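This is what each chain is made of:
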Amino acid sequence: MKILFATGGTGGHIYPAIALANRLKKEHQILFVGTDNRMEHTIIPQHGFDFKSIHIESYEGSIISRIKALATVGTSYFEAKKIVKQYKPDLIIGFGGYVSLPLLMVGKRLKIKTLVHEQNSVMGQTNKMMYKDVDGVIVCYKNLLETYPDKKVRLLGNPRSSEILESFDQKYFDSLNLDKNKKKVLIVMGSQGSVTMNHKLVAFLNQVSDEYEYLFVIGKRDYSLFKDKITNPNIKVYDYLEQGKILAKIDLIIARAGATTVSEITALGIPSILIPSPYVAHNHQYFNARELIKEKASILMQESDFTAQRLEHSISHILEDENFYQTLSKNALKLGTPNAIEDIIHFIGEIMDE
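About the criteria used
Starting from 1, residues in each chain are numbered consecutively following that chain's sequence as written. Residue-level local features of this predicted model are given only where pLDDT is at least 70; pairs of side-chain atoms are given and counted only at 80 or more, and the full residue set underlies all totals for whole chains, interfaces and linings. Hydrogens and waters are ignored; side-chain quantities use all the structure's heavy atoms. Aromatic pairing here means that ring centres of Phe, Tyr or Trp (its six-membered ring) are within 6.5 Å. Orientation follows from the plane angle: under 30 degrees is stacked, over 60 is edge-to-face, and everything else is tilted. Helical segments are the DSSP runs of H or I of at least four residues, strand segments are the runs of E of at least two, and each set is numbered from the N terminus. Relative accessibility thresholds used throughout: buried, under 20% of the residue-type maximum; exposed, over 50%; partly exposed, between the two (1.4 Å probe, protein chains only). Think of it as a cone above the ring: NZ of Lys or CZ of Arg counts as a charge over the ring if it is within 6 Å of the ring centre and within 35 degrees of the ring normal. Here the term right-handed applies to a crossover when the path leading from its first strand over the helix to its second strand runs clockwise, the strands being oriented away from the viewer. In this description, strands pair whenever DSSP reports at least two bridges between them. For helices, the fitted axis covers only the stretch in contact; all axes are lines through C-alpha atoms, and the angles between them, taken along N-to-C directions, range from 0 to 180 degrees. Salt bridges are identified by distance alone: a Lys or Arg side-chain nitrogen within 4 Å of an Asp or Glu carboxyl oxygen. With respect to orientation, any angle under 35 degrees is reported as roughly parallel, any angle over 145 as roughly antiparallel, any angle of 65 to 115 as roughly perpendicular, and every other angle as oblique. Contacts are assigned to residue pairs that have any heavy atoms within 4.5 Å of one another. Residues are grouped as follows: Ala, Val, Leu, Ile, Met, Phe, Trp, Tyr, Cys and Pro are nonpolar; Asp, Glu, Lys and Arg are charged; every other residue, Gly included, is polar.

**Comments concerning the packing of aromatic side chains**
Link 1 in the chain: One pass over the full model with this rule turns up 8 aromatic pairs.
Link 2 in the chain: Measuring from ring centre to ring centre gives 4.9 Å for F5 and F32, while their planes differ by 20°; the resulting arrangement is stacked. Note that F5 is positioned in strand 1 (residues 2-6) and F32 in strand 2 (residues 29-35), a separation of 27 residues in sequence. Pair check on accessibility: F5 and F32 agree, each one buried.
Link 3 in the chain: Geometrically, the ring pair formed by Y77 and F78 is edge-to-face, given 5.7 Å between the ring centres and 85° between the ring planes.
Link 4 in the chain: Every member of this aromatic cluster is reached through a ring pair, and the members are F5, F32, F49 and F95.
Link 5 in the chain: Its guanidinium or amino end placed over the ring of Y172, K245 lies 5.3 Å from that ring's centre, counting from NZ or CZ.

Structure follows, in C-alpha cells:
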C-alpha cells in the first residue's frame, strides 16, 4: 500500500507522524509532503523518508497573514493535486498543520481514503475543517469524543506514546555522567526553549540546593545567552538533549504541555509540572494540561503565576511525598496510550476495507 503523510509546522505534528511511519515503512511505501519553508523540510528527510514540498502560508494570526494565506490556497491545491496524481496513494493521513488542508481536499476530490490525527485536546483548524469529509479521525483526549460524537472518531492516542517505550538508550544516558544517588529533574521548555521562562528558571536554579540533580535544557537558539548565567555548579546545562533516550530514568519533568511531551510522560507515568505556553494557537497547551489536571496526573503552573517559591514547593511536594508521587505516576499511566501505533494500524485496516 502507498501512504502519503501530510504534516508540518511544528514538532507536535511532525514527530508523531514519523513515529507511525517508522512502523508502517516495514510493509508499505511512504511519502511525506510538507511546506517548503518550515521545519519538516529538513527534519523528515533526516529521518530517511522521501519528502516533497508545496508552498502555503499559515492562515492563523493577523489579517495580513490570512490574506497572504488566501493568496497561496489556490496554488497549493494544484501543487498538492500534482503530487497526489503522480504518487497515486491508497491513503492520505493528515497529522495537522495547514499544509494538510490542500492534500486532504485533493484526496476527497479524487476519492482516496483519508484519515486525520489530532494530537491536542483542541481540534486544530485544518482538522476541524476536514472532520466531516475524511474517512477517519484519531484523537488523543476523551473530551474530543464528546465534542465530535461520531463512530469514525476514535480515541487511539499519539504514536509517540508507543515509540517512547522503546527509546531509552543506556549508553546515551551514561554519557551524561549523572549522579546515581540523586533524583533527577528534567526542565525543558519546548524544542526551541523559551526566553521568558529561561529568565525565570535561571533565577530559580541559581538558588536551589544540591538535594536533587537538575538537567536544564535551554534550547539551541538561546543557549549562548543563558548558559553563563547559571552559576550553581549543581545544575547540568544543555542546549539540547535527546529526550526520548533518557525519559525512562527521569523522576520529575518540568515542561511545556505540547502534544508530544504529554504523550511521552503519560506513556511512562512520569510525574510532571506543566507550564503551558500562552503563545500557541488557541491556547491548546493549557487545555492539554487541563486534561491531566482533571485526572490528578500532573501539577499545572501558569507562566503568569510562576514564582521560584511556588516551583520549589511543588518539586518538594512531588519528590518528598511518596504517596503523592505514586498518585501522579499511576494517574498519568492511566491516560497513556502505549498501544497507539498498533491500534492506529488496525484502524487503518478498517478504513481500507470499507
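**Focus: the pairing of strand 9 (residues 213-217)**
Consecutive side chains along a regular strand alternate between the two faces of the sheet.
Link 1 in the chain: Where burial is concerned, most of strand 9 is hidden: 5 out of the 5 residues are buried.
Link 2 in the chain: Where burial is concerned, the two faces of strand 9 agree: the one with E213, L215 and V217 and the one with Y214 and F216 are both buried.
Link 3 in the chain: Taken together, strand 8 (residues 184-188), helix 9 (residues 195-205) and strand 9 constitute a β-α-β crossover, and its handedness is right-handed.
Link 4 in the chain: In terms of strand pairing, strand 9 meets strand 10 (residues 235-238) through 4 bridges, oriented parallel. What sits directly across from Y214, in strand 10, is I235.

**A look at unusual backbone geometry**
Link 1 in the chain: Located in the positive-phi region is K88, a residue other than glycine, with phi close to 55°.
Link 2 in the chain: By secondary structure assignment, the location of K88 is in the loop between helix 3 (63-87) and strand 4 (91-94).
Link 3 in the chain: Its identity is not glycine, yet N177 carries a phi of approximately 55°, on the positive side.
Link 4 in the chain: Along the chain, N177 falls in the loop between helix 8 (170-175) and strand 8.
Link 5 in the chain: Looking at N177, the relative accessible area reads 60%, which means it is exposed.

**Overview of the sheet that holds strand 7 (residues 153-155)**
Link 1 in the chain: Spatial strand order, 3-2-1-4-5-6-7: 7 strands in an open sheet with parallel pairing. Only two strands of the sheet have a single neighbouring strand rather than two, namely strand 3 (50-54) and strand 7. On average, each strand axis in the sheet is tilted by 20° relative to the strand beside it, whichever way the strands run.
Link 2 in the chain: By the bridge criterion, 4 bridges tie strand 4 to strand 5 (residues 113-117) in an arrangement that is parallel. Counted as the bridge partner of G94 is V116 from strand 5.

**Examining the pattern of salt bridges**
Link 1 in the chain: Taken as a whole, this structure holds 10 salt bridges when the rule is applied.
Link 2 in the chain: The shortest N-O distance in the salt bridge between D222 and R221 comes to 3.3 Å.
Link 3 in the chain: Exposure remark for D222: the relative accessible area of 7% places this residue in the buried category.

**Some thoughts on the sheet that holds strand 9**
Strands in a sheet are paired, the pairing made by backbone hydrogen bonds, and the direction either parallel or antiparallel.
Link 1 in the chain: Here 6 strands make up an open sheet; going across it, the order is 10-9-8-11-12-13 and the pairing parallel. The outermost strands of the open sheet, each flanked by one partner alone, are strand 10 and strand 13 (299-300).
Link 2 in the chain: Pairing between strand 8 and strand 11 (residues 252-255): 4 bridges, direction parallel. Counterpart to V188 in the pairing with strand 11 is A255.

**A look at the packing of helix 13 (residues 308-320) against helix 14 (residues 322-335)**
The angle between the axes and the distance between the axes are what describe a pair of packed helices.
Link 1 in the chain: Where helix 13 contacts helix 14, the axes come no closer than 5 Å and their chain directions differ by 90°. With respect to their mutual orientation, helix 13 and helix 14 come out roughly perpendicular. Between helix 13 and helix 14, the residues in contact are H317, I318, L319 and E320 and E322, F324, Y325 and L328, respectively.
Link 2 in the chain: Residues belonging to the contact of helix 13 with helix 14 are distributed by class as follows: 5 nonpolar, 1 polar and 2 charged.

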